[in-house]
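Chain residues, written in single-letter form:
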Amino acid sequence: MGRRALGRRFGWLWASYAVSAYGTGLGFGAFPLIAILVLHSGPTQVAALSAAGRAVGAVVAVPFGPWVEFRRKRPVMVAMDLVRFAALASVPAAFALGLLTFAQLLLVSVVAAAANIAFKAASGAYLKSLVAPADLLVANGRFESTTWTATVVGPPLGGAAIGLFGPVATVLADAVSHLLSALGIRAVGGREPRPARPARAGAARLRAGDLLEGWRHILAHRTLRPLFLNSIVVNGLIMASEPLLAVLLLGRLGFAPWQYGLVFAAPCVGGLVGSRLASRLVTRFGQREVLLVSGALRACWPVGLAFVQPGVPGMVLVIAVQLGLVTCCGVFNPVLATYRLDRTDPGRVSRTLSAWSVSSSAAIAAMTAAWGLLAAVAGARTAIAAAGVILLATPLLLPCRVKGRHGETSGNGGGAGTRDRDGDASPAAREASDRP
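Cut-offs applied
Residues numbered from 1 in each chain as written. Predicted model: local features only at pLDDT ≥ 70, side-chain atom pairs only at ≥ 80, totals over all residues. Heavy atoms only, no water. Axes fitted to C-alpha atoms, helices over the stretch in contact; angles between N-to-C directions. Helix = DSSP H or I, 4+ residues; strand = E, 2+ residues; numbered from the N terminus. Parallel < 35°, antiparallel > 145°, perpendicular 65-115°, else oblique. Left-handed = near helix turned anticlockwise from the far one by under 90°. Contact = heavy atoms within 4.5 Å. Nonpolar A, V, L, I, M, F, W, Y, C, P; charged D, E, K, R; others polar. Salt bridge = Lys/Arg side-chain N within 4 Å of Asp/Glu carboxyl O. Buried < 20%, exposed > 50% of the residue type's maximum accessible area, 1.4 Å probe, protein only. Expected span 1.5 Å × (residues − 1). pLDDT = per-residue confidence, 0-100. Phe/Tyr/Trp six-rings, centres within 6.5 Å; stacked < 30°, edge-to-face > 60°. Lys NZ or Arg CZ within 6 Å of the ring centre and 35° of its normal.

Caption draft 1: Summary view of the packing of helix α15 (residues 349-378) against helix α16 (residues 380-391). Between α15 and α16, the least distance of the axes is 7 Å, while the angle of their chain directions is 130°. What the angle tells us is that α15 and α16 run oblique. Relative to α16, the crossing made by α15 is right-handed. Here Trp 371, Leu 374, Ala 375 and Ala 378 of α15 come into contact with α16, specifically with Ala 380, Thr 382, Ala 383, Ala 386, Ala 387 and Ile 390. Looking at side-chain class alone, the contact of α15 with α16 contains nine nonpolar, one polar and no charged residues.

Given below as structure tokens:
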């Protein structure tokens, strides 16, 4: 199943994704590093940088779902890649001129976050139209394995590049990767029909209603609703700890940038293994079992980060915790992504993906801000421990039952485009998950 050929056009899309993923891997943690090492920001400012960018970006992106829904998806993806290229490239340009400020980092974070949400909304719908229903899990598994491979290679190289070329080198590499991705997506080719627009009469009212259509669909679905709540809480708590962990490791514990990159890169081998195993596990044990077990297991690891110490013991602990976490995420993410695509009606894919992404970004922003305040009061280590303890309760948010094809309780993955009878007449959505 994992070696199945998906065609030349998917090959170009996958290659474009890979270029962008490797650029993101090189730029892992770049903004917190710049804030800490160049602008000498404290934990509250670093947390605010992560939170404000996501929060404002999510608000800006709210209209993007309906906007993307009724447009050709490939031009939207190209445009969003170009927007991200321009925004990110402004950081090394300002640094070279001695004009870089914390406010610019915030602005670039907002623009990149909004463009990322629009890109996800378009790419999920485009993938569904490009790949046969039976191949969706294979395609999502390949994207997931590419992400983790890039994360294995990118951060150590990024840390070395920062040491050799300065703190903004990886931001420039990330910017160029989006430019190359845009060129690759253009090379996909093929004709893409223009989606049907609403009738002209009452169009303004329909467009206003479309802003809430994605949330309405998710929350009305008995299986998607708990998966959605679990996803945004888990991702929010994991991401809220990330800037605090950067402050703890790079500041108080004295980790070098290359060590910081290494302790997050090496465990991503587990994500690669998990994503390659996902389709086999679903075939053997069923979609329901894989979703619930991997979803529960990914919450068990982050509490261990509260006990990290300086030097080699601390590096070993972070690597062990991250290895367990990303292996579970490597299994869970493509199965969840495929399940959401299985439940997606083509006429509402982009709105649902946009709603999911906006909610996830807003939750991460809110939790990051809250944990930044907690760290300012009680310390970064205490805040990281609190996030880990709360995560232990998140499996309670997972659904008791997962519906499969034609609405039966699933033991195997269903095909995309099938009708769902679990609280909604039309199937639900997929989003490229926010990576922890």
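Anyway, onward from the coordinates.
Caption draft 2: Seen up close, the pattern of salt bridges. Applying the stated criterion to the full structure yields five salt bridges. Notably, a salt bridge pairs Arg 351 with Glu 69, separated by 2.9 Å at the nearest N-O pair. Within this pair, whereas Arg 351 is found in helix α15, its partner Glu 69 is found in helix α4 (residues 64-69), the two being separated by 282 residues in sequence. We classify Glu 69 as buried; its relative accessible area is 3%. Asp 81 is the partner of Arg 84 in a salt bridge, and the nearest nitrogen-oxygen pair spans 2.9 Å. Highlighted residues: Arg 84 and Asp 81, both in helix α5 (residues 73-96), separated by three residues, approximately one helical turn. What makes Arg 84 buried here is its relative accessible area of 7%. When salt bridges with common partners are traced through the structure, they connect Glu 213, Arg 216 and Arg 348 into a single cluster.

Caption draft 3: α5, seen in detail. Helix length check: α5, at 24 residues, gives a terminal C-alpha distance of 36 Å against a target of 34 Å (1.5 Å per residue), a fit within 8%. One or two steps after α5, the chain reaches Gly 98, where phi turns positive at roughly 75°.

Caption draft 4: Geometry of helix α14 (residues 311-342). Between its first and last C-alpha atoms α14 spans 46 Å; for 32 residues at 1.5 Å apiece the expected length is 46 Å, and the two agree. Where burial is concerned, most of α14 is hidden: 23 out of the 32 residues are buried.

Caption draft 5: Region of the structure containing the confidence of the model for the protein. Of all residues in the protein, 87% attain a pLDDT of 70 or more, and the chain-wide mean is 81. In the model, residues 200-206 has pLDDT below 50 throughout and makes one contact with residues more than four positions away in sequence or in other chains. Confidence over residues 405-436 falls short of pLDDT 50; this stretch has 120 contacts with residues more than four positions distant or in other chains.

Caption draft 6: Spotlight on the packing of aromatic side chains. Under the counting rule described, the total for this entry stands at four aromatic pairs. Geometrically, the ring pair formed by Phe 10 and Trp 14 is tilted, given 6.0 Å between the ring centres and 35° between the ring planes. Residue Phe 10 and its partner Trp 14 are both found in helix α1 (residues 8-26); the two are separated by four residues, about one turn of the helix. You can call Trp 14 partly exposed: its relative accessible area is 29%. Arranged with centres 5.5 Å apart and planes meeting at 50°, the rings of Phe 10 and Phe 143 form a pair that is tilted. Of this pair, Phe 10 sits in helix α1 while Phe 143 sits in helix α7 (residues 136-165), and the two are 133 residues apart along the sequence. Each member of the pair, Phe 10 as well as Phe 143, is classed as buried. In textbook terms, an aromatic cluster arises when at least three aromatic residues are bridged by ring pairs, as seen for Phe 10, Trp 14, Tyr 17 and Phe 143. Over the ring of Trp 356 we find Arg 340; its NZ or CZ atom is 4.3 Å from the centre of that ring.

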